[in-house]
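Overview (structure and organization)
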Amino acid sequence: MKIFASVFAFLVIASFAQADVLKINGSTTVNLPAAEGAEILRAEKKMDIQVDTQGGSSGGISALGDGQVQVGMSSKPVSDDDRAKYPNVKFNPVHIGEDAVAMIVSKDVWDRGVKALTKQQIQDLYESKIKNWNEVGGPDERVVFFNKEPGRGTWEVFAHWAYGDPKKAPQVSLPEVGGNEETRNKVGSTRGAISQLSSSWADGKKVFALGIKTESGEVLQPTPDNIATHKYPMSRPLFLITNGEPQGEAKVFVDFMLSPQGQELVKKHGYLALDQLKTTAP
Amino acid sequence: MLPLATRGRAPSLTKSASFAFSALALLTLATLVLIFLVQSLPVWRQEGLGYITGTKWFYRANIFGALPMIYGTIVVAFIALLLAAPIGIGAAVFTSEFLPQRMRLAVKITIELLAGVPSVVYGLLGILFLRNWIYDLFARFEPLSGDTLLTAGVLLGVMILPTVMTLADDALRGVPADQRRAARSLGLNATETVLGVALPQAKRGLIAALLLGLGRALGETIAVFLVVGRQDNNLPENIFSVHAWLEAGQTLSTKLGGSETNIAYGGSLHWAAMVGLALILMAMVLAVTMAGAWQRRTNDAASL
Amino acid sequence: MRRVSNFLFPALGGLCTLLACAVFLGLVFVIAQRGLPAMSWTFITEQIRQVGAEGGIFYNLVGTLILITAALLVSAPVAVGLALTHTVYLRNAAAKSRLGLFLYTLNGIPSIVFGIFGLIVFVNYFGWGKSWLTGGILLAIMILPTVTVALIERIKALPAKYVEAATGLGLRRSQVIWSVILPQSWGGLVTGSLLGLARAAGETAPIMFTATIFAGATLPHGIRESPVLSLPYHIFILAQDSFDPAVGAKLWGSALVLLALVFALSIVALPFRLRLHDEAHG
């Protein structure tokens, strides 16, 4: 009985003693280099860092806004709506790398002729106005569009590009996929499938990244060059966001991710590091 | 039940503690229901009955209709029952009526272990095997992908099989042995005894077994989440065609287990709508569970 | 005709039984086959590295053990209280059946509902953020019916003569409870707890919003903001979000470990449970 009481008392007291835990939450895209960075810092500097990916980029921003975490991870910029929702929070996004969203298709679609699409065609596919791949030069197969679930930065980047504003995107009812692995898995195993995916995940074996055909007929592939110069339209910045200037443990972490070692991690996971982005990029 | 009586003293510490803990448990359940009712109030006020009958759910446009998800929940559970009922009851009948003791034990152990397999493991097997099998098996019906209501239903069927089987076995064991002996002495063979005596006598318990299995199927989240497709607003034109089952869908539980829960949290209408889904789900499961409990009670007086 | 049906009927039943057993064996075989390559001493004693691609699942296992221990400690006293109330203190048959109805109801509630309840009450209203204790409490509520019913059945199966003898010796009711009833029916509590914990160990839905994160937690420090890692959540996330085929074996290895844990708990409870079953049905 006494032991129970003292253990309980210890826990209660410990719960008030705010251990210096650095909490990070957000995008599964940014998570890859960030989680590895956290591992290194945990091992080398004995820091206490918790990383989670609840709710994707939106979850990261709202967790930061609600004060539940010190660092939010996001693969999309902080929107005006977010700033309006949390007027007391000074969202300070720190750019740590660049990635791109590609439209990926399954092998049968790629092999049978569809290697690039125009924005209009992609819109029509999304809105289920084009139902068969033969309407865009592909095989006689039904179009299966797997849509990224709400909250994912990938979706917001897609909607931003395709419709100018995620809010202007038409309401659609498509099968949903969540994480990158699930997307690649399901697109790869379904005939006639297309979805939005981080370009670094398009392995060219299971799923294939389409080029974007511009009005002038130019085909923009999501190559590192095109992404760096922002020629490829769906490039997106990877952010670590803090409330105001990063301080304390958060500063250590952010500085680490900006350091050469951290930037190597960014590159390692298939994204572009900051030094690869041309300075002439807008 | 136990031959104990107090002697008119003040309630002992044990009694007070027991009552306190019991009250705590009851209060927790009551609080749960109350919180859900209160937090979902905005959506009931806003949409009224249209919330349940509405066929479109577009949270970004503040349109909330739960019917496609109610439909999904029912279809998936129905398919599960369609599979688990005959196989579960058939297996239960076989093991309790025809198998010798030793083998019966082996089967019982297997089923007990099967019952313990976590739903995330089922989900894993579903995402990597079952959905491809269904996709290939039904290719001529041209499903959109391997993520269908049928896939989820089959997976669920396997998940509730142990429940149905164990409870059916209980029901059959509840039929007194002398009933069977009487039938045999009248010249009925083993099959006729089962069909003519044991099964009818166990009918209530068997129905209870199915209802409880159904209750479990209605509430399952994780396994269904990974293979059902999570497509909103996909009500078929003809719910009785094969194609209807080969469509991707969404259930109440998969919507709750998805990303919208984190997005919606707060005082908004969206959050009220999400809580409302939980309320509807609870009501459905409760109705089925109550029916199962009712069946069981009138069957076996010695039970709870 | 009778002879044919006398053969056909059990044959069909036998087929069903075979099918059920085959599913079980197939399931175990697949998981073992894919998970065994990942099994090693380091797998269990190391922690995750590189978002699951490297390292082991030590803290996931620890986290799950913490959760089920907490569930045990919270549910046991409540179960005893409920069981005693039902078998000893309540005289009225109607009240007893209402209590039974309560347990039935509680047992049927979907686990995701508990997750949402926990999100509202513990994560936000109490302000605990994600906490291992929330997970333990929610799991305890979930397994309460299982534990309670097992204990009740055991108490009811006690030979009346024990109680009669004790009362005859002049013991008060509470003394009879503590010196005769509870010690003799302790096995029921153990059985019920083991069965309940087997279920709790594998649950994802109650803990994914309330108690667990993917990476970064080791041992909890206090109650607030102290999530743990867990096996089922780990598997759930990796099934959707892993980034490397190398993760594949680890994923199955985690599933194998979880399965082994659940089976171990079930197997230990098995002899008691089967005996209880037989006693209840003759």
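Since we're looking at a predicted model, the values are computed, not measured.

Things to note about the overall build of chain B
Helix and strand content of chain B: 14 helices and 2 strands. Judged by the C-alpha coordinates and their principal axes, chain B covers about 70 × 70 × 30 Å. Relative to its full complement of 304 residues, chain B shows a buried share of 57%. When contacts within chain B are restricted to residue pairs at least 6 apart in sequence, long-range pairs at least 24 apart make up 74% of them. With the model as given, the accessible surface of chain B reaches about 12300 Å², and the carbon-plus-sulfur share is 65%. Of note, chain B has its 22 positive side-chain charges centred 13 Å away from the centre of its 16 negative side-chain charges.

Side note on the packing of helix α3 (residues 58–89) of chain C against helix α10 (residues 231–241) of chain C
Residue and element names in this part refer to chain C. Where α3 contacts α10, the axes come no closer than 8 Å and their chain directions differ by 130°. Taken together, the axes of α3 and α10 lie oblique to each other. On α10, the residues that touch N60, L61 and T64 of α3 are L231, P232 and H234. Classifying every residue of the contact of α3 with α10 by side-chain character gives 3 nonpolar, 3 polar and no charged.

What about the sheet that holds strand β5 (residues 116–118) of chain A?
All names here are of chain A. An order of β5-β10-β11 is seen for the 3 strands of this open sheet, with the pairing classed as mixed. Each having just a single partner strand, β5 and β11 (219–220) make up the two edges of the open sheet. Examined bridge by bridge, β5 and strand β10 (residues 211–213) share 3 bridges and lie parallel to one another. Residue pairing across strands places A116 opposite G211, the latter belonging to β10. The sheet contacts of helix α6 (residues 119–126) involve β5 and β10, and relative to β5 the element is tilted by about 90°.

Quick notes on the interface of chain B and chain C
With 92 residues of chain B in contact, the opposing surface of chain C contributes 93 residues. Counting the surface lost from both chain B and chain C, the interface buries some 8200 Å², and carbon and sulfur atoms represent 76% of this. Linking chain B with chain C are 0 salt bridges, by the criterion used here. Where chain B touches chain C, the interface holds 6 residue pairs in polar contact (both at pLDDT 80 or more). At 15 residues, helix α1 (residues 13–47) of chain B tops the list of elements feeding residues into the side of chain B that touches chain C. Its residues assigned to classes, the side of chain B that touches chain C shows 57 nonpolar, 25 polar and 10 charged.

Details of the side chain of S145(B)
Along the polypeptide, S145(B) turns up in the loop between α5 (119–137) and α6 (149–173). One polar contact links the side chain of S145(B) to the main-chain amide nitrogen of D147(B), over a distance of 3.0 Å. Ignoring any residue separated from it by four or fewer positions in sequence, one finds S145(B) in contact with F146(A), T190(A) and Y135(B).

Quick look at the packing of aromatic side chains
For the coordinates displayed, the defined rule picks out 22 aromatic pairs over all chains. When the centroid spacing of 5.9 Å and the interplanar angle of 80° are considered together, the rings of F19(B) and Y89(C) count as edge-to-face. You can see F19(B) sitting in helix α1 and its partner Y89(C) sitting in helix α3, one on each of two chains. The partly exposed category is assigned to F19(B), whose relative accessible area is 35%.

What to know about the pattern of salt bridges
Residue and element names in this part refer to chain A. One pass over the structure, following the stated rule, counts 25 salt bridges over all chains. Notably, a salt bridge pairs K268 with E36, separated by 2.7 Å at the nearest N-O pair. One end of the pair, K268, is in helix α11 (residues 260–268); the other, E36, is in helix α2 (residues 28–45), and 232 residues separate them in sequence. Given the relative accessible area of 48%, K268 is considered partly exposed. Relative accessible area serves as the criterion here: at 7%, E36 is assigned to the buried category.

Section: the interface of chain B and chain A
Chain B puts 26 residues into the contact, and the matching count from chain A is 23 residues. For chain B, the biggest contributors to the area lost against chain A are R60(B), L144(B) and R230(B); these three give 27% of the whole. In this assembly, chain B and chain A are joined by 2 salt bridges. Remark: the boundary between chain B and chain A carries 12 residue pairs in polar contact (both at pLDDT 80 or more). Counting residues per element, the ones that place at least two in the side of chain B that touches chain A are α5 and α13 (260–264) of chain B. Looking at the side of chain B that touches chain A residue by residue, the classes come out as 12 nonpolar, 7 polar and 7 charged.

Side note on unusual backbone geometry
Phi is positive for K46(A), close to 55°, though the residue is something other than glycine. Its place among the elements puts K46(A) in the loop between α2 and β2 (48–52). K46(A) sits in the exposed class, given a relative accessible area of 70%. Of note, N62(B) is a non-glycine position whose phi angle comes to about 60°, a positive value. With respect to the helices, strands and loops of the structure, N62(B) is situated in the loop between β1 (57–58) and β2 (63–64). The exposure class of N62(B) is partly exposed, given its relative accessible area of 43%.

A closer look at helix α8 (residues 190–201) of chain B
In an α-helix, one full turn covers 3.6 residues, which means residues spaced three or four apart are oriented alike. Across its 12 residues, α8(B) extends 15 Å between first and last C-alpha, which sits within 8% of the 16 Å expected from 1.5 Å per residue. T191(B), E192(B), T193(B), V194(B), V197(B), A198(B) and L199(B) are the residues of α8(B) that are buried. Residues of α8(B) that are buried make contact with α3 (67–98), α6, α7 (177–185) and α9 (203–219) of chain B together with α1 (2–35) of chain C.

Some points on the pairing of strand β4 (residues 91–106) of chain A
All names here are of chain A. Within β4, 14 of the 16 residues are buried, leaving the element largely enclosed by the surrounding structure. Here 5 bridges tie β4 to strand β8 (residues 193–198), and the two strands are oriented antiparallel to one another. Paired with V101 across the two strands is S198, which belongs to β8.

As for empty space enclosed by the protein
By rolling a water-sized probe across the atoms, one finds the places where empty space is left. Counted by the stated rule, this structure contains 12 cavities of 30 Å³ or more. Considered as a void within the structure, the largest cavity measures approximately 270 Å³ in volume. Considering the residues around the largest cavity, the lining is formed by 21 residues, among which T53(A), Q54(A), G55(A), E149(A) and R152(A) are closest to the centre. With 5 residues, the single largest contributor to the lining of the largest cavity is α10(C).

Considerations on helix α3 (residues 56–65) of chain A
All names here are of chain A. Summarising burial for α3: 10 of the 10 residues are buried, a large majority. Three or more residues of α3 are buried, namely G56, S57, S58, G59, G60, I61, S62, A63, L64 and G65. Check the buried side of α3 and you find it contacts β1 (21–26), β3 (71–74), α4 (80–85), β4, α7 (153–163) and β12 (235–243). Where α3 ends, the next residue or the one after it, G67, has phi of about 80°, a positive value.

Quick notes on the rules
- Residues numbered from 1 in each chain as written.
- Chains lettered and ligands numbered in written order.
- Predicted model: local features only at pLDDT ≥ 70, side-chain atom pairs only at ≥ 80, totals over all residues.
- Heavy atoms only, no water.
- Helix = DSSP H or I, 4+ residues; strand = E, 2+ residues; numbered from the N terminus.
- Buried < 20%, exposed > 50% of the residue type's maximum accessible area, 1.4 Å probe, protein only.
- Contact = heavy atoms within 4.5 Å.
- Areas by Shrake-Rupley, 256 points an atom, 1.4 Å probe, with all protein chains shown as cover.
- Lys, Arg positive; Asp, Glu negative; His and termini not counted.
- Charge placed at Lys NZ, Arg CZ, Asp CG, Glu CD.
- Axes fitted to C-alpha atoms, helices over the stretch in contact; angles between N-to-C directions.
- Parallel < 35°, antiparallel > 145°, perpendicular 65-115°, else oblique.
- Nonpolar A, V, L, I, M, F, W, Y, C, P; charged D, E, K, R; others polar.
- Pairing = 2+ DSSP bridges.
- Buried area = accessible area lost by both parts, 1.4 Å probe.
- Salt bridge = Lys/Arg side-chain N within 4 Å of Asp/Glu carboxyl O.
- Polar contact = N/O pair within 3.5 Å; in protein donor to acceptor, adjacent residues only side chain to side chain.
- Phe/Tyr/Trp six-rings, centres within 6.5 Å; stacked < 30°, edge-to-face > 60°.
- Expected span 1.5 Å × (residues − 1).
- 1 Å grid on protein atoms, 1.4 Å probe; cavity = no way out; pocket = protein on both sides within 12 Å on 5 of 7 lines; lining within 4 Å.
- Points joined across faces, edges and corners; volume = space filled by probe spheres on them.

Function-wise, these values are silent; they only describe arrangement.
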